[in-house]
Amino acid sequence: METSSEGSVEDGGGVPVPVSVPEAAVVGSDGAQAPQSVVIAPSGLSPSRAGDFMQCPLLYRFRVIDRLPEKPSEAATRGTLVHAVLERLFDAPAAERTAPRAKSLIPAQWDRLRESRPEVGELFADDPEGERLARWLAEAEQLVERWFTLEDPTRLEPAERELFVEAELESGLRLRGIIDRVDVAPTGEVRIVDYKTGKAPRPEFAEGALFQMKFYALVVWRLKGVVPRRLQLVYLGSGDVLTYDPVLADLERVERKLHALWEAIQRATESGDWRPRPTKLCGWCDHQAHCPEFGGTPPPYPLPVRAAESAAGEQGRMGPD
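Starting from 1, residues in each chain are numbered consecutively following that chain's sequence as written. Under the rules for a predicted model, residues below a pLDDT of 70 receive no local features and side-chain atom pairs below 80 are neither given nor counted, while totals for whole chains, interfaces and linings still include all residues. Each side-chain value is derived from all of the structure's non-hydrogen atoms; neither hydrogens nor water enter the calculation.

## So, the overall build of the chain
Secondary structure elements follow DSSP: runs of H or I of four or more residues count as helices, runs of E of two or more count as strands, with numbering from the N terminus. Looking only at helices and strands, the chain features 8 helices and 10 strands. Think of it in three bands: with a 1.4 Å probe and only protein chains considered, a residue is buried below 20% of the maximum accessible area for its type, exposed above 50%, and partly exposed in between. Residue burial in the chain is summarised as follows: out of 321 residues, 45% are buried. All accessibility values rest on the Shrake-Rupley procedure with a 1.4 Å probe; residue burial counts only the protein chains present in the view. Total accessible area on the chain is roughly 16,200 Å²; 51% of this is exposed by carbon and sulfur atoms.

## A closer look at the sheet that holds strand 9 (residues 230-235)
Two strands form a pair only when DSSP identifies at least two bridges running between them. A sheet is described by the order of its strands in space; here 5 strands give the open sequence 6-7-8-9-10, paired in mixed fashion. Every other strand in the sheet has two partners, leaving strand 6 (160-168) and strand 10 (240-244) as the edge strands with one partner each. Taking each pair of neighbouring strands and ignoring which way they run, the sheet shows an average axis angle of 35 degrees. As defined by bridge partners, strand 9 adjoins strand 10 across 5 bridges and the pair is classed as antiparallel. Each residue of the ladder has a partner; that of Tyr235, found in strand 10, is Asp240. The axes used here are C-alpha line fits, helices contributing only the stretch in contact, and every angle between their N-to-C directions lies in the interval 0 to 180 degrees.

## Regarding the confidence of the model for the chain
Parts of the model with low pLDDT should not have their predicted coordinates read in detail. When pLDDT is averaged along the chain, the result is 86, and 84% of the positions lie at 70 or above. On a scale of 0 to 100, pLDDT captures the predictor's confidence in every residue. Contacts between residues were defined by any pair of non-hydrogen atoms, one from each residue, lying within 4.5 Å. Low pLDDT, under 50, characterises residues 1-36; the stretch is placed with 94 contacts to residues that sit more than four places away or in other chains. Below pLDDT 50 for its whole length, residues 310-321 participates in 26 contacts with residues either more than four positions away or in separate chains.

## A word on the nonpolar core
Soluble globular proteins tend to bury their nonpolar side chains together. Take the buried Ala, Val, Leu, Ile, Met, Phe, Trp, Tyr and Cys residues and link them wherever side-chain atoms come within 4.5 Å; each set so joined is a nonpolar core. The biggest cluster of nonpolar side chains holds 47 residues, and the ones touching the most others in it are Leu45, Leu175, Ile192, Phe215, Leu258, Ile265 and Trp274. Contributions of two or more residues to this core are made by helix 1 (47-55), helix 2 (57-65), strand 6, strand 7 (174-184), strand 8 (190-196), helix 7 (206-224), strand 9 and helix 8 (248-271). When sequence neighbours within four positions are dropped, the list of residues in contact with Ile265 reads Pro42, Leu45, Phe53, Tyr60 and Trp274.

## Focus on helix 2
The buried fraction of helix 2 amounts to 8 of the 9 residues, a majority that puts the element mostly inside the structure. Along helix 2, the residues that are buried comprise Pro57, Leu58, Leu59, Tyr60, Arg61, Phe62, Val64 and Ile65. Elements that come into contact with the buried residues of helix 2 comprise helix 1 and helix 8. Arg67, located one to two residues past helix 2, shows a positive phi value of around 50 degrees.

## Points about the packing of helix 1 against helix 2
Helix packing geometry: the angle between the two helix axes and the distance between the axes. It is the contact of helix 1 with helix 2, at a shortest axis distance of 5 Å, that shows an interaxial angle of 140 degrees. Taken as axis vectors, helix 1 and helix 2 run oblique relative to one another. Residues Arg49, Asp52, Phe53 and Gln55 of helix 1 pack against Pro57, Leu59, Tyr60, Arg63 and Val64 of helix 2. Residue classes in the contact of helix 1 with helix 2 are distributed as 5 nonpolar, 1 polar and 3 charged. With respect to orientation, any angle under 35 degrees is reported as roughly parallel, any angle over 145 as roughly antiparallel, any angle of 65 to 115 as roughly perpendicular, and every other angle as oblique. As a working rule, the residues Ala, Val, Leu, Ile, Met, Phe, Trp, Tyr, Cys and Pro are called nonpolar, Asp, Glu, Lys and Arg charged, and the rest polar, with Gly in that last group.

## What about helix 5 (residues 106-116)?
Ile106, Gln109, Trp110 and Leu113 are the residues of helix 5 that are buried. Along the axis of helix 5, the buried positions cluster into a sector of 105 degrees, meaning they face one direction only. With respect to the buried face of helix 5, the exposed residues turned more than 90 degrees away are Arg112 and Glu115. Those residues of helix 5 that are buried are in contact with helix 3 (74-89), helix 4 (99-104) and helix 6 (131-150). The arc in question is the one spanned by the directions pointing from the helix axis to the C-beta atoms.

## With respect to the packing of helix 1 against helix 8
Contact geometry of helix 1 with helix 8 gives a least axis separation of 11 Å together with a crossing angle of 65 degrees. As summarised for this structure, helix 1 and helix 8 are arranged roughly perpendicular, according to the angle between their axes. Here the hand of the crossing between helix 1 and helix 8 comes out left-handed. Touching Ala50, Phe53 and Met54 of helix 1 are Lys257, Leu258, Leu261, Ala264 and Ile265, all from helix 8. Looking at side-chain class alone, the contact of helix 1 with helix 8 contains 7 nonpolar, no polar and 1 charged residues. Two helices cross in a left-handed way if the nearer one is turned anticlockwise from the farther one by less than a right angle. They cross in a right-handed way if the turn is clockwise.

## Remarks on the pattern of salt bridges
Where side chains of opposite charge bring their charged atoms close, a pairing between them can arise. A pair is scored as a salt bridge if a Lys or Arg side-chain nitrogen falls within 4 Å of a carboxyl oxygen belonging to Asp or Glu. For the coordinates displayed, the defined rule picks out 30 salt bridges. Linking Asp66 and Arg61 is a salt bridge whose minimum nitrogen-to-oxygen distance equals 2.5 Å. What you see here is one network of salt bridges that share partners, running through Arg49, Asp52, Arg63 and Glu70.

## Considering unusual backbone geometry
Positive phi, normally seen in glycine, also occurs at Arg67, with a value near 50 degrees. Residue Arg67 is classed as partly exposed on the basis of its relative accessible area of 38%. Look at Glu162: it is not a glycine, yet its phi comes out positive at around 50 degrees.

## Looking at empty space enclosed by the protein
A cavity here means a set of points on a 1 Å grid, drawn over the protein atoms and nothing else, where a 1.4 Å probe fits but cannot get out; a pocket is an open set with protein on both sides within 12 Å along at least five of seven lines, and a residue lines either one if it has an atom within 4 Å of a point. Grid points are joined across faces, edges and corners, and a volume is the space filled by probe spheres set on the points. According to the stated counting rule, one finds 1 cavity of 30 Å³ or more in the structure shown. By volume, the largest cavity amounts to about 40 Å³. If you trace the largest cavity, you find it lined by His83, Leu86, Glu87, Phe90, Arg161, Glu162, Asp180, Arg181 and Tyr195. Secondary structure elements with two or more residues in the lining of the largest cavity: helix 3, strand 6 and strand 7. When residues in the lining of the largest cavity are grouped by element, the largest group, 3 residues, is from helix 3.

And the structure:
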């Protein structure tokens, strides 16, 4: 699961889910408040927003503070659709959780997605004959069908699906996200499962992929006092399953990393110093027009700014995980 901003939470495909956040008002250049345009300072962390800041602090600002619009993509929207189908399949009795039934859910879930997010209909606005849409839906069917080669839903009874979790650490830092599936064994052992519609990463990048899962494990531990027995990533794009069995030391390391990350975010929020960090991923960014690396100018910073201190130069750094 992912989060679209610190004022809303979204699943792996990007469906917003409202959450309670404190109200704030924008202060204009004349000192007057403009309540009609509300800007909220970061109030906590989700896996996706933590990943944004580690990737590029300026991207984090654009998404969390400026909330600049982003065009829907076929890949992300397909992920949303597949997640919805796999969630709804478990509404059926175990014996009826078959691949044909799962694929039959796709049209209705696609209609539901277009109703809740009309902007995704723009993806196929230039497809009057429906050929691209047909191929796209067929690709979603293939992903759903592949899942049945990786797990057997007739033998699963999830304790939770699309579970929103939020925990406040002793420091006051709030962590939140949405877990695709939680399985609980008769012995009480907990397994956290996340569906990915892309391909599994190469082994050298596996740790980065597991960061999200360790984040969820930390939240569950802080909420329930239980360290999940297993973390499981199901990659429908490549047909791989990546598992990891965490120990308490793993979660303590993640907690320290998140605290260091949050301190860096708070410094940037107070100083207004959000620096771009160019990588190969910049080619897929929707915000090049606002990015100095591409000759753009960020929007006026909408939050009060405090004079930067010497630590500003370290914005974005974290301690070892």
